[in-house]
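Listed below are the residues making up each chain.
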Amino acid sequence: MEHEGQPGREPQTPSTGPARYAFTPPEAPPRIEFKRVRRAPGKPPEKPGRGGFKLRRWHLLTAAGLVLALLMSVSWVGVDGWRAKGHLQIAAGLFVQLKQQVQRGDVAAARGTLAALQSETKAARESTGGFGWTLTGHLPVIGDDLQAVRTVAYVLDDLAGNGLPALLDVAAGLDPHRLAPRNGRIDLTALNAAAPRIARGLAVIRRAQAGVADIDTTSLVGKLATAVTELRTGLADAERIVATADRAARLLPPMLGANGPRTYLVLFQNNAEVRATGGMPGAYLVIHADGGAVTITDQGTAAKLKTFPTPVRPLGIDEEALYTDRPAIFPADVNLSPDFPTAAQLARTMYAKRSGIAVDGVVATDPVALSYLLRVTGPVRMPTGESLSSENAVRLLLSEVYAKYPNPSAQDTYFAGAARDIFNALIRGQGNPKGIITELSRAAGERRLLMWSANNDEEAALGGTVLEGRLPDSDDSAPTVGVFLNDGSGGKLSYYLTQTAALSVGDCTEEGDRELHLKLTLGSTAPGAGLPAYVTGLALSGDPYTVRTNAMVFSPIGGGVVGVALNGKEVEFGSGVERNRGVAVFTVDLRPGSSQTFDVTIQTADQPRAAGAVTPRLWTTPGVRPWKATVTGGPACART
């Protein structure tokens with residue numbers, strides 16, 4: 001709940017508690033004198049003889065009374081405004097301190113800070129709650145500023161009094177160690193108890209967002225406008241975090257079998273043979289959850305599922321035009337599309353046809369994500385006797401295994417063993433629980449952890465999160481571009497790919513749409529000789545050491561890709577549509593040590609009016625190595 005940069009003086013000494021804030025309101029308010037006005041000496045006025053004069057005098061007295069009331073309101077608002085400023089400045093620092101204490105897990109200190117925070121926000125709200133603020137809020141020039149201060153004081157007091165106590169109770173009760181698996185079981189009691197408190201805190205945060213959303217910062221003085229903007233940013237950050245916790249508290253208990261047994265298919269994507277969502281689905285596990293107890297009931301590889309003679313599910317017309325029917329026939333190709341819900345349903349159907357079991361959901365991850373978890377669990381011992389660690393997991397699982405085990409069945413055994421042993425380490429509670437949550441969050445943020453549920457309500461709750469693995473249904477004012485890769489070599493040469501992408505905003509058109517410019521560079525670090533035959537694979541490029549990759553660029557919703565150039569020369573590309581986004585597909589062949597840079601021109605649809613700069617979003621296929629990606633925004637398009 002950070003809200004730094006409030007108007008006024010800045011804190012000078014970084015100590016703990018409210019005392020670290022340099023601003024200390026003086027004990028007495030500023031002197032404002034009200035002088036008596038005496039009537040000038042002379043003959044008293046005559047009594048009016050006509051009703052008209054009485055009426056005029058009444059109007060004059062009424063006007064004079066209103067002016068006097070307004071002057072008194074302005075004077076007292078000056079006093080209260082000065083007081084409110086001091087309380088809000090102290091409150092801003094306490095919000096920061098409270099956040100730091102919660103992050104450290106110091107709940108006792110956080111409760112003391114919350115009490116001090118509630119005192120300051122209550123005082124600020126009371127200082128801005130009088131009739132004078134209501135009256136002067138309609139004045140020209142200063143009225144908007146006064147109303148904004150009053151709104152901020154109200155919002156922060158509501159947050160401190162009604163939202164934060166519930167969330168602090170959750171922080172106290174949801175100790176990561178209580179949530180950690182023990183002997184194959186996760187205790188769901190704490191999650192069930194936390195769910196209503198998290199929901200209550202989230203409702204208050206969203207109420208606060210609505211409260212400050214209507215403040216027009218363009219009419220405010222500079223420091224106040226900055227403070228309101230920072231408050232909005234802080235509330236947005238808090239909403240995102242608490243909304244994630246709210247989803248987890250609602251979803252995890254039923255998904256872990258609180259209301260009945262559940263079964264999940266867990267796919268391990270092999271990034272050495274790249275697919276749009278990350279890599280070819282190689283090994284898989286099937287896990288069973290019942291009342292928080294989790295066990296492995298089956299495991300295998302894509303080869304075990306075998307190829308199907310006809311599509312297991314119908315694809316949409318657009319999808320079939322882009323990918324043919326391969327995703328519905330070959331288990332290794334279910335994720336040629338970057339849309340994970342589509343890939344998950346195909347994988348579920350294939351497994352059901354081979355096993356007779358319709359799983360309740362599908363999860364996907366990759367060796368890079370597993371290496372993150374091994375940082376916390378520590379090394380695991382493989383059945384072969386090798387130690388699999390965070391330092392060697394990616395190298396062993398995506399490269400060296402092919403030299404050590406030339407036989408594909410031995411490779412499958414190795415992959416399945418690695419997946420099983422890492423999963424067992426997690427479910428036994430090996431490693432620090434807080435660290436596991438951190439690394440899982442990192443993997444999810446890189447789209448290396450994806451989830452689909454066959455339960456419609458649960459899948460809807462996953463919607464819009466990084467776990468869903470689906471491009472946004474609406475771009476709003478941030479047009480989203482996707483760059484996704486599929487292997488075209490028929491081998492495991494994607495291990496040597498490097499990827500760079502720079503997305504920038506271009507010119508606007510009179511119609512309100514605009515161009516986006518993407519500079520995409522793919523490179524190869526593959527050697528020129530010495531790789532196992534299983535790595536060079538089918539050599540579909542015509543040369544065993546040339547990495548062939550099919551690149552797909554997805555436009556924003558309603559837009560399209562209008563041009564692809566290599567070294568200034570136009571390149572032919574295939575085109576299609578998926579989920580209302582234009583798609584361009586072109587093939588990139590990379591000799592060892594080479595790279596190619598493509599300039600892609602993308603047209604957006606008519607963009608909604610934006611108040612400020614427009615910053616597009618960029619989605620990419622998770623690779624063995626992280627992408628070097630940059631995004632540059634630009635001004636909103638003017639409307640005529």
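In this text, all values refer to a predicted model and were calculated from it rather than measured experimentally. (Residues numbered from 1 in each chain as written. Predicted model: local features only at pLDDT ≥ 70, side-chain atom pairs only at ≥ 80, totals over all residues. Heavy atoms only, no water.)

Applying the stated rule across the entire model yields 8 cavities of 30 Å³ or more. Its volume calculated, the largest cavity comes out at about 170 Å³. Considering the residues around the largest cavity, the lining is formed by 19 residues, among which Pro338, Asp339, Gly469, Phe484 and Trp619 are closest to the centre. Residues that form the lining of the largest cavity fall into these classes: 8 nonpolar, 5 polar and 6 charged. Considering only enclosed or pocket space, the second largest cavity measures out at about 130 Å³ in volume. Contributing to the lining of the second largest cavity are Phe268, Gln269, Asn270, Gly282, Ala283, Pro367, Leu370, Leu397, Leu398, Phe415, Ala418 and Ala419. Among the elements of the structure, β1 (262-270), β2 (280-290), α11 (367-377), α12 (393-404) and α13 (408-427) are those that each provide at least two residues to the lining of the second largest cavity. (1 Å grid on protein atoms, 1.4 Å probe; cavity = no way out; pocket = protein on both sides within 12 Å on 5 of 7 lines; lining within 4 Å. Points joined across faces, edges and corners; volume = space filled by probe spheres on them. Nonpolar A, V, L, I, M, F, W, Y, C, P; charged D, E, K, R; others polar. Helix = DSSP H or I, 4+ residues; strand = E, 2+ residues; numbered from the N terminus.)

This part covers the packing of α12 against α13. Where α12 meets α13, the closest approach of the two axes is 10 Å, and the angle between their N-to-C directions is 155 degrees. Here α12 lies roughly antiparallel to α13, going by the angle between them. α12 and α13 meet at a crossing whose hand is right-handed. Where α12 abuts α13, its residues Leu396, Leu397, Val401 and Tyr402 lie against Gln411, Tyr414, Phe415 and Ala418. (Axes fitted to C-alpha atoms, helices over the stretch in contact; angles between N-to-C directions. Parallel < 35°, antiparallel > 145°, perpendicular 65-115°, else oblique. Left-handed = near helix turned anticlockwise from the far one by under 90°. Contact = heavy atoms within 4.5 Å.)

In this fold, Arg275 is placed in the loop between β1 and β2. For Arg275, a relative accessible area of 4% gives the class buried. Ignoring sequence-local partners within four residues, the contact set of Arg275 consists of Met280, Ala332, Asp333, Asn335, Leu336, Leu485, Asn486, Asp487 and Thr621. (Buried < 20%, exposed > 50% of the residue type's maximum accessible area, 1.4 Å probe, protein only.)

Strands sit in the order β14-β15-β11-β8-β17 across an open sheet of 5 strands; the sheet is mixed. Here the strands that pair on one side only, and so sit at the sheet edges, are β14 (574-578) and β17 (617-620). Strand-to-strand, the axes of this sheet are offset by a mean angle of 25 degrees, without reference to chain direction. (Pairing = 2+ DSSP bridges.)

What follows concerns the pattern of salt bridges. Enumeration over the complete set of coordinates arrives at 21 salt bridges. Arg262 is paired through a salt bridge with Glu458; the nearest N and O atoms lie 2.7 Å apart. With a gap of 196 residues between them, Arg262 in strand β1 and Glu458 in helix α15 (residues 456-462) connect regions that are remote in the sequence. For the pair shown, Arg262 and Glu458 are each scored as buried. (Salt bridge = Lys/Arg side-chain N within 4 Å of Asp/Glu carboxyl O.)

Strand order in the open sheet formed by 5 strands is β3-β2-β1-β4-β7, with mixed pairing between adjacent strands. Looking at which strands have only one partner, the edges of the open sheet turn out to be β3 (293-301) and β7 (450-453). This sheet shows a mean twist of 20 degrees between the axes of neighbouring strands, independent of strand direction. Alignment of β1 against strand β4 (residues 361-365), held across 5 bridges, turns out to be parallel. What sits directly across from Leu267, in β4, is Ala364. Taken strand by strand, α13 contacts β1, β2 and β3, and its axis lies near 170 degrees from that of β3.

The subject of this paragraph is the pairing of strand β15 (residues 581-590). Counting buried positions along β15 yields 7 of 10 residues, so the element is predominantly enclosed. Here strand β11 (residues 547-557) runs beside β15; their pairing, made up of 9 bridges, is antiparallel. Counterpart to Ala551 in the pairing with β15 is Phe586. Where β14 and β15 come together, 5 bridges link them in antiparallel fashion. Bridged to Glu578 within β15 is Arg581. As consecutive antiparallel partners, β14 and β15 are separated by 2 residues, and within that stretch Arg579 has a phi angle of approximately 50 degrees, a positive value.

At a closest axis distance of 8 Å, the pairing of α11 and α12 adopts a crossing angle of 155 degrees. The angle between α11 and α12 places the two elements in the roughly antiparallel class. Of the two possible hands of crossing, α11 and α12 adopt the one that is right-handed. Residues Pro367, Val368, Ser371 and Leu374 of α11 form the contact with α12, whose participating residues are Ala393, Val394, Leu397 and Leu398. Here the residues of the contact of α11 with α12 sort into 7 nonpolar, 1 polar and no charged.

Note that every value here comes from positions in space, so none of it alone points to a role or purpose.
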